[in-house]
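What follows is each chain in one-letter form.
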Amino acid sequence: MFDWMGRLAGGVWHAAMTRSLPLAMAGSALGAAVLMAGSVTPPLPAQEVAVETVLYRDAFVWTGAGFEQRDFAVAGERFVDPARVRADRVVTLDGQYVLPPFGEGHTHKFETEWTVQRFSPEMLRQGVFYARNPGAYAPNIARIRPLLATRDTVDVSFSMGGLTAPHGHPEGAYIEVMTQFWYSGFTREDFVGEAFHPVETRDEVEAAIARVQAQGADFVKIFLQNSDTHAERARLLADPDYRNARDYPDFDSIVGLDPALAAPAVQIAHARGLSVGAHVSNAADFRVAVEAGVDMILHMPGASWEPGYGLPSEVPAADVLALAAQRGIPVVATAAVRLNPEHQDVMDEVHHTVLAALHEAGVPIRIGIDNFGLTTRDEIDYQRAVGILDDLALIQAWIATGREIFPERAIGAIEPGFEASFLVLDADPLTDFSTLDRIVVRVKEGQVLELED
């Protein structure tokens with residue numbers, strides 16, 4: 001293996017150094033005159049920070065469509081033009097491959113202090129530096145944000161709770177499942193307004209979006225679940241006897257936001273400067289989300305198909321696929337979210353069909369897993385097996401996922417002005433995909449990450 005630490009011995013990577021400057025007026029006659037005149041004593045000059053510039057040579061660097069052999073340079077936390085700087089240090093990469101870090105577009109793994117400690121190193125080891133958590137218990141997020149505000153953790157974007165119908169998804173998940181883990185003793189009332197927001201009117205939508213923004217949400221999530229049968233399901237769930245007779249998860253009793261409120265929710269969120277992501281379950285939900293103008297879709301239709309509930313057509317119609325492609329609405333596939341060995345052949349067929357339809361229509365496909373027991377790399381491996389995106393397209397999608405999580409930041413490219421975050425591989429992943437399992441070095445904002453194996 002390439003001897004990084006030996007090659008870099010003698011200093012900390014990209015460390016900032018400080019030195020004090022002498023007082024400009026110390027001992028001068030002018031200084032004495034000013035003081036005698038009763039003026040305020042001049043402040044100490046600001047410390048000058050020396051930023052180390054490192055030139056990396058003999059690397060194959062990601063272009064967005066492959067790799068090209070060239071040099072690149074880093075000054076502090078940013079890439080700089082190697083032709084316009086004087087390097088303090090030169091590192092030769094001996095023909096290794098350099099590409100931007102990856103994104104995880106749908107995960108709930110960041111909800112407590114324990115999950116941050118458990119899952120952040122796991123993602124960083126896989127080269128995933130950016131993650132989106134579309135739904136969490138807001139008071140917990142306020143506590144863990146300081147843990148995530150460092151260079152040696154994953155950067156996470158949060159929606160806080162999502163908008164849904166009364167007793168709609170994810171109420172059952174929190175009450176029946178999450179109370180068995182982190183929220184023992186919690187009731188529905190503890191979660192309402194904190195983990196999910198039941199709404200029935202435009203005014204309630206507006207109040208809920210104002211609340212999540214006050215809670216610090218980076219974007220808004222809406223739950224669309226079986227929109228084509230929303231009215232019937234909502235009527236059933238309004239009956240407490242019906243609700244009490246069901247167990248979660250029971251697809252017959254899962255419902256989401258009233259489809260008629262989707263467009264108003266998007267308009268209200270956009271007016272507040274917030275983007276909107278939609279949870280969808282089927283093709284009807286996909287249409288509602290796209291026509292409402294959401295900014296991202298957080299599951300592909302059919303991702304969580306369950307045996308026993310039939311196989312409705314999960315492929316969106318051609319007109320809505322064309323509209324999604326025209327608007328550039330990315331779909332986080334979560335194809336591996338729920339694997340079922342007994343019926344995997346049917347699930348594979350559904351996923352292959354839907355992914356093919358999205359890809360052929362030009363809808364951007366993005367990477368996310370939405371599963372505590374699986375990793376982002378498991379989603380990549382599953383999509384490779386499904387076979388719609390080739391290795392180049394998968395890597396492009398994986399990098400683009402991170403860029404779309406933080407659109408206001410310059411990430412996802414090895415170019416001057418961008419954040420100096422990158423991965424170093426010992427081979428070309430387009431010919432040897434397994435090199436992604438043995439990342440040589442991870443650099444985040446100019447800092448080498450040191451992770452335990």
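Model, not experiment: these values are computed from the prediction.

A. Spatial organisation of the sheet that holds strand β8 (residues 128-133). Overall, parallel pairing links the three strands, which are arranged β7-β8-β9 in an open sheet. In this open sheet, the two strands that pair with only one neighbour each are β7 (102-104) and β9 (155-158). Strand-to-strand twist in this sheet, taken as the mean axis angle between neighbours without regard to direction, amounts to 20°. Taken together, the three bridges between β7 and β8 define a ladder with parallel strand orientation. Within β8, the position partnered with Gly103 by the bridge is Tyr130. Packing of helix α15 (residues 391-405) onto the sheet brings it into contact with β7, β8 and β9, and relative to β7 it is tilted by some 65°.

B. Region of interest: the packing of aromatic side chains. A full pass over the atoms with the stated rule returns 25 aromatic pairs. Ring geometry for Tyr130 against Phe406: centres 6.1 Å apart, planes inclined by 70°, an arrangement best described as edge-to-face. On the criterion of sequence distance, the pair formed by Tyr130 in strand β8 and Phe406 in the loop between α15 and β17 (422-425) is long-range, its members being 276 residues apart. You'll find Tyr130 and Phe406 in the same group, each marked buried. By way of ring pairs, the aromatic residues Trp114, Phe119, Tyr137, Tyr174, Trp182, Tyr183, Phe186, Phe191, Phe196 and Phe372 are connected into one cluster.

Cut-offs and rules
- Residues numbered from 1 in each chain as written.
- Predicted model: local features only at pLDDT ≥ 70, side-chain atom pairs only at ≥ 80, totals over all residues.
- Heavy atoms only, no water.
- Pairing = 2+ DSSP bridges.
- Helix = DSSP H or I, 4+ residues; strand = E, 2+ residues; numbered from the N terminus.
- Axes fitted to C-alpha atoms, helices over the stretch in contact; angles between N-to-C directions.
- Contact = heavy atoms within 4.5 Å.
- Phe/Tyr/Trp six-rings, centres within 6.5 Å; stacked < 30°, edge-to-face > 60°.
- Buried < 20%, exposed > 50% of the residue type's maximum accessible area, 1.4 Å probe, protein only.

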